[in-house]
Amino acid sequence: MTDFPLFRGRRLRRGEPLRSLVRETRLVPEQLLLPLFVEPGEGRRTAIASMPGVDRTSVDEALGDAREAKELGIGGVLLFGIPERKDEVGSEAWAADGTVQRAVRAIKAEIPGLLVVTDVCLCEYTSHGHCGVVEGEEVLNDPTLDLLARAAVSHAKAGADIVAPSDMMDGRVGVIRDALDDAGFLELPIMSYAAKYASAFYGPFREAAQSAPAFGDRRGYQMDPANAEEALREAFADLEEGADIILVKPALAYLDVIRMVKDETGAPVAAFHVSGEYAAIMAAIERGWLDERAMTEALLSIRRAGADVVISYWAREFARRS
Ligand code: PBG
Ligand code: ZN
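Predicted model, so just to flag it, every value in this text is computed and none were measured.

Q: Now, about the overall build of the chain: what can you tell me, with residues and values included?
A: Within the chain, the secondary structure is distributed over 11 helices and 12 strands. Relative to a compact globule of 322 residues, whose C-alpha radius of gyration would be 20 Å, the chain shows 20 Å and is just as compact. Counting only C-alpha atoms and orienting by the principal axes, one finds that the chain spans roughly 75 × 45 × 40 Å. Counting every position in the chain, which comprises 322 residues, the buried fraction comes to 55%.

Have a look at this one:
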């Protein structure tokens, strides 16, 4: 008997398959959602400068991306739509033949088995770029709810598998749930952006979705980055209103929030590794300052923090390497 430490952590780190046997966390492609930006037109594919590897495409091109996602075993796609024309209230958000609605119908028809999740918000559709109805410089909560519900129902009618409201208006999950139920979509899940922070990490997304606010910012409705406990109140409120999956966004800068929401609610939790978080790592990879393992490590940390679902622009690259 020696007095040398009995615990030798290195025993289990010596190589495969030992390391795999005792690995605590796994990230598999089925747990990933790939965001797709869909625009009007045909045969269109525009690279997003600040998001290497991400394009904005027309519906026909999006089909190819979605097919590839399915072949790689990715769980689903998360659709963001760019309208033909923007207006004050974002009316194309609920147009039966809107960009997202056409994309949903096409993907569901051509690629069965791939989950199609739709972003429900107005900011891509409004001329002012805010997530709700605007009066002066004010984004109005209650008048926005019905418009969001109309958008959600139109996505459901097009065949969406999950709707994901990302606007942060109070009470919208309940109103959307009621509208879906009234329209006969009782079994359609809602993935609610319950804790969505007023983050500096959304910049590249706003280039991709052409949704930067024309005046002011989103601090009047998105959460203060300093608040974690408030995320719990948001999560419980959304669950009470009928949310099925609770989303935290961004992800990397809010790993504590993911863990807290998971532990306290026990609900399925999704986390969005957002555009700026993706762009920062990609920029460093392009300069040779980091290598791709940094991205894998970041996504794994989101799972380890407690997320069941990870939304990632790198989903296809991840799946290719799995
Ligand atoms: C807005 C919305 C945003 C994102 C998704 N939906 C950000 C915003 O402009 O507030 C960000 C996603 C990303 O940055 O990858 N409803
Ligand atoms: Zn929005």
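Q: Tell me about the coordination of the zinc ion (ligand 2), and please be specific about residues and values.
A: Ideal geometry at a metal centre: 109.5 degrees between donors when four sit tetrahedrally, and 90 or 180 degrees when six sit octahedrally. Only Cys121 (SG), Cys123 (SG) and Cys131 (SG) from the protein reach the zinc ion (ligand 2) as donors, at distances of 2.2 to 2.3 Å. Because the angles between the four donor atoms bound to the zinc ion (ligand 2) fall within 96 to 125 degrees, the donor set is best described as tetrahedral. Along the chain, the residues that donate to the zinc ion (ligand 2) are spaced as C-x1-C-x7-C. With cysteine 121 in the loop between β5 (115-120) and β6 (133-135) and cysteine 131 in the loop between β5 and β6, this pair connects stretches of sequence that are 10 residues apart. For the pair shown, cysteine 121 and cysteine 131 are each scored as buried.

Q: Let's hear about the site of ligand 1: which residues, and what values?
A: Within the structure, ligand 1 sits among 16 residues, and Arg206, Gln222, Lys249, Ser275 and Tyr313 are positioned closest to it. Between arginine 218 and ligand 1, the recorded distance is 2.9 Å, taken from a side-chain N or O atom to an oxygen atom. Note that a nitrogen atom of ligand 1 is positioned 3.2 Å from one of the side-chain N or O atoms of lysine 249. Tallied by class, residues from the shell around ligand 1 come to nine nonpolar, three polar and four charged.

Q: Run through the pattern of salt bridges, naming residues and quoting values.
A: Two side chains that carry opposite charge are able to pair once their charged atoms sit near each other. Taken as a whole and judged by the stated rule, the model has 23 salt bridges. The shortest N-O distance in the salt bridge between aspartate 55 and arginine 45 comes to 2.8 Å. Remark: arginine 45 occurs in strand β2 (residues 45-47) and aspartate 55 occurs in strand β3 (residues 55-58); sequence separation between them is 10 residues. In this structure arginine 45 comes out as partly exposed when scored by relative accessible area, which is 38%. The salt bridge partner of lysine 108 is aspartate 161, with a shortest N-O separation of 2.8 Å. Note that lysine 108 is positioned in helix α3 (residues 99-110) and aspartate 161 in the loop between α4 (142-158) and β8 (162-165), a separation of 53 residues in sequence. Overall, the relative accessible area of 25% leaves lysine 108 in the partly exposed class. When salt bridges with common partners are traced through the structure, they connect Arg45, Asp55, Glu61, Asp65, Glu68, Glu292, Arg316, Glu317, Arg320 and Arg321 into a single cluster.

Q: Requested: an account of the environment of alanine 179, with residues and values cited.
A: With respect to the secondary-structure elements, alanine 179 resides in helix α5 (residues 172-182). C-alpha of alanine 179 to C-alpha of alanine 271: the two residues are 92 residues apart in sequence and 26 Å apart in space. Beyond its immediate sequence surroundings of up to four residues, alanine 179 is in contact with Ala149 and Val153.

Q: Outline unusual backbone geometry, listing residues and values.
A: Apart from glycine, the bulk of residues carry a negative phi angle, and the bulk of peptide bonds sit in the trans form. Cis geometry is found at the peptide bond from glutamate 16 to proline 17, where omega equals 0 degrees. If you trace the backbone, proline 17 turns up in the segment before α1 (18-21). Between lysine 249 and the following residue, proline 250, the backbone shows a cis peptide bond with an omega angle of -10 degrees. Among the secondary structure elements, proline 250 is positioned in the loop between β10 (245-249) and α8 (255-265). The phi dihedral of methionine 168 is positive, around 70 degrees, even though this residue is not glycine. Along the chain, methionine 168 turns up in the loop between β8 and α5. Of the residues examined, methionine 168 reaches a relative accessible area of 5% and is grouped as buried.

Q: Talk me through the nonpolar core; I want residue IDs and the actual numbers.
A: By size, the foremost hydrophobic cluster in this structure holds 113 residues, and its most contacted members are Val77 and Met191. It is α4 that contributes the most residues to this core, nine residues altogether. With near-sequence residues (within four places) excluded, methionine 191 lies in contact with Leu33, Val117, Ile162, Val163, Ala164, Pro165, Ile245, Leu247, Ala270 and Ile311.

Q: How would you explain the packing of helix α7 (residues 229-241) against α8 if you had to name every residue and give the values?
A: Packed helices, taken two at a time, are described by their axes: the angle between them and the distance between them. Look at α7 against α8: their axes get within 10 Å of each other, and the N-to-C directions meet at 45 degrees. With respect to α8, the axis of α7 lies oblique. Where α7 crosses over α8, the two elements pack in a sense that is right-handed. On α8, the residues that touch Glu229, Ala231, Leu232, Ala235, Phe236 and Leu239 of α7 are Val257, Met260, Val261, Glu264 and Thr265. Considered class by class, the residues forming the contact of α7 with α8 number eight nonpolar, one polar and two charged.

Conventions used here
Residues numbered from 1 in each chain as written. Chains lettered and ligands numbered in written order. Predicted model: local features only at pLDDT ≥ 70, side-chain atom pairs only at ≥ 80, totals over all residues. Heavy atoms only, no water. Helix = DSSP H or I, 4+ residues; strand = E, 2+ residues; numbered from the N terminus. Rg over C-alpha atoms; globule rule 2.2 N^0.38 Å. Buried < 20%, exposed > 50% of the residue type's maximum accessible area, 1.4 Å probe, protein only. Donors = N, O, S within 2.8 Å, 3.2 Å for Na, K, Ca; no water. Tetrahedral: all angles 85-135°; square planar, octahedral: opposite > 155°, others 65-115°. Near = heavy atom within 4 Å. Polar contact = N/O pair within 3.5 Å; in protein donor to acceptor, adjacent residues only side chain to side chain. Nonpolar A, V, L, I, M, F, W, Y, C, P; charged D, E, K, R; others polar. Salt bridge = Lys/Arg side-chain N within 4 Å of Asp/Glu carboxyl O. Contact = heavy atoms within 4.5 Å. Core = buried A, V, L, I, M, F, W, Y, C linked by side-chain atoms within 4.5 Å. Axes fitted to C-alpha atoms, helices over the stretch in contact; angles between N-to-C directions. Parallel < 35°, antiparallel > 145°, perpendicular 65-115°, else oblique. Left-handed = near helix turned anticlockwise from the far one by under 90°.

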